[in-house]
Amino acid sequence: YRDLHTFELQAPTRLIEWARGSRVCVAGYGQSDGNEILQLIPPPTLLTKETQGLCPERDFKVECGGFSERPVYSLKYVPDTSLLVTSGPPDSSLQIWQVSAEDSDVIKSVSPIATENGTGQSWAKIATISARAPWVLHGSRLDRVQITEVESRKNVYTAASRGSEELSGLAFLDCNTLLLCCTTGQLWLADVRQPQNLVEAMSVPSVPCSDQWCMGTRHGAQGLELSSQPVARLSNRGLLALTDLRKTSEFLALAKARVPSAGSGAEFLCVSWAPALEGCLAISGFDGTVHVYDTQSWDSSGREAEPIFIHKGHAFSGAGGSGDPPLVTVHTWHLQKPRTLLSAASDGSLHVWDWVQPCGKC
């Protein structure tokens with residue numbers, strides 16, 4: 001490691017979100033009442049663009065926080081505002097949160113966004129953008145995708161689909177184009193200007209239909225051409241499929257990740273592209289590790305790929321509350337520091353780490 005910081009949370013967390021001023025937002029996913037939502041100030045070394053060497057202050061600090069009566073399974077910061085959007089069981093409604101001003105340390109709950117036929121639906125996947133106005137893209141199934149203006153609660157888009165496949169993720173590619181991923185692995189493209197036109201962009205490789213998938217797009221890539229936004233999909237058996245949205249008739253690359261628990265569940269699957277490293281991505285959700293890969297040499301053979309770095313810190317930090325080894329529940333890349341990642345695990349540990357650059361690699 002070049003650098004490693006740790007912070008112990010009071011409860012397991014399954015999400016990390018960058019907010020204003022390089023703040024970090026985290027939230028708990030326990031089933032009981034009182035799940036924390038915290039905004040943390042990172043260690044000073046993470047607030048500078050260049051590594052400053054030794055620093056006396058190496059810990060996160062809690063800047064403000066609040067409590068959610070329901071588990072928080074997804075959390076997004078609304079750009080250019082002081083608002084957070086969360087979702088979680090038992091339905092697909094959204095909760096809006098106001099991050100208080102500097103003279104207060106409270107994150108306050110604002111009126112929720114109710115969804116039509118939300119009762120009985122699984123929790124909503126969400127994405128946010130503020131190109132025109134603060135929007136939230138949300139939905140739990142392919143026929144339940146919509147965009148809501150956060151401040152006015154006005155519905156500005158509803159996707160038209162005959163299918164009702166469960167969604168594992170969704171994203172804004174730009175202010176008009178949406179990308180949806182089903183748990184079965186299919187990708188769908190939608191255009192805000194054409195609600196009736198939902199196009200299947202790419203099916204999945206020939207794998208067992210029981211496989212579950214998630215996707216990752218380039219973080220903060222709004223405004224880029226589709227050619228600049230390769231999409232990565234990860235299955236619960238460790239298969240990685242890279243897709244160029246300009247050429248949906250073929251895969252850009254296929255590879256098999258070196259994961260120890262092929263065939264496990266997909267609740268915490270996470271794949272993400274490095275925003276400042278060409279061709280690098282990270283995966284987690286199989287055990288207590290985070291794997292980093294350089295995809296630039298991958299082809300369509302589907303052979304096993306060699307990770308360029310494995311973060312094992314959570315695996316050695318102790319057993320979770322159930323006595324089971326910790327499971328990494330989420331990871332995310334630092335927006336400016338190329339090889340710096342944050343990761344959280346089921347034992348409440350939050351790590352931020354930067355690995356030494358291998359010769360000839362990312």
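Keep in mind it's a predicted model, so treat the numbers as computed, not measured.

What counts and how
- Residues numbered from 1 in each chain as written.
- Predicted model: local features only at pLDDT ≥ 70, side-chain atom pairs only at ≥ 80, totals over all residues.
- Heavy atoms only, no water.
- Pairing = 2+ DSSP bridges.
- Helix = DSSP H or I, 4+ residues; strand = E, 2+ residues; numbered from the N terminus.
- Axes fitted to C-alpha atoms, helices over the stretch in contact; angles between N-to-C directions.
- Buried < 20%, exposed > 50% of the residue type's maximum accessible area, 1.4 Å probe, protein only.
- Polar contact = N/O pair within 3.5 Å; in protein donor to acceptor, adjacent residues only side chain to side chain.
- Contact = heavy atoms within 4.5 Å.
- 1 Å grid on protein atoms, 1.4 Å probe; cavity = no way out; pocket = protein on both sides within 12 Å on 5 of 7 lines; lining within 4 Å.
- Points joined across faces, edges and corners; volume = space filled by probe spheres on them.
- Nonpolar A, V, L, I, M, F, W, Y, C, P; charged D, E, K, R; others polar.
- Core = buried A, V, L, I, M, F, W, Y, C linked by side-chain atoms within 4.5 Å.
- pLDDT = per-residue confidence, 0-100.

On to the sheet that holds strand 4 (residues 35–41). A sheet is described by the order of its strands in space; here 4 strands give the open sequence 2-3-4-5, paired in antiparallel fashion. Only two strands of the sheet have a single partner each, and these edge strands are strand 2 (13–18) and strand 5 (61–68). Each neighbouring strand pair of the sheet contributes to a mean axis angle of 20°, computed without reference to strand direction. As judged from the 4 bridges shared by strand 3 (residues 24–28) and strand 4, these two strands associate in the antiparallel manner. Within strand 4, the residue paired with Cys-25 across the bridge is Gln-39.

Let's shift gears to the side chain of Thr-329. Topologically, Thr-329 is positioned in strand 26 (residues 328–333). When its relative accessible area of 4% is taken as the criterion, Thr-329 is described as buried. Separated by 2.4 Å, the side chain of Thr-329 and the backbone oxygen of Thr-13 make a polar contact. For Thr-329, the residues in contact, after removing those within four places along its chain, are Thr-13, Arg-14, Tyr-29, Phe-268, Ala-344, Ala-345 and Ser-346.

Further remarks concern empty space enclosed by the protein. Space left empty within the atom packing is revealed by a probe, the size of a water molecule, rolled over the atoms. Using the criterion set out here, one finds 3 cavities of 30 Å³ or more in the structure. The space that makes up the largest cavity amounts to roughly 60 Å³. Surrounding the largest cavity, Leu-9, Gln-10, Ala-11, Thr-13, Val-26, Ala-27, Gly-28, Glu-36 and Leu-38 form its lining. Elements with a contribution of two residues or more to the lining of the largest cavity: strand 3 and strand 4. Split by residue class, the lining of the largest cavity holds 5 nonpolar, 3 polar and 1 charged.

Right, let's talk about the nonpolar core for a bit. By size, the foremost hydrophobic cluster in this structure holds 20 residues, and its most contacted members are Leu-137, Ile-147, Phe-172, Leu-178 and Leu-180. Breaking this core down by element, the ones donating at least two residues are strand 10 (125–129), strand 11 (135–139), strand 14 (167–172), strand 15 (177–182) and strand 16 (187–191). Residues within four places of Ile-147 in sequence aside, it is in contact with Trp-135, Val-136, Leu-137, Lys-154, Asn-155, Val-156, Tyr-157, Phe-172, Leu-178 and Val-192. Grouped together as the second largest cluster of nonpolar side chains are 18 residues, Leu-242, Val-259, Leu-269 and Trp-298 included.

Once that is clear, we can look at the sheet that holds strand 28 (residues 349–354). Ordered by their spatial adjacency, 4 strands build an open sheet running 1-28-27-26, and the pairing between neighbours is antiparallel. Each having just a single partner strand, strand 1 (3–8) and strand 26 make up the two edges of the open sheet. Between one strand axis and the next, the sheet turns by 15° as a mean value, whatever way the strands run.

Another aspect to go through is the confidence of the model for the protein chain. On average, residues of the protein chain carry a pLDDT of 85, and 84% of them reach 70 or more. When mean pLDDT is taken per element in the protein chain, strand 24 (residues 290–294) scores highest with 97 and strand 17 (residues 194–202) scores lowest with 75. Confidence drops under a pLDDT of 50 for residues 220–224, and excluding neighbours within four residues, the segment shows 10 contacts in the predicted structure.

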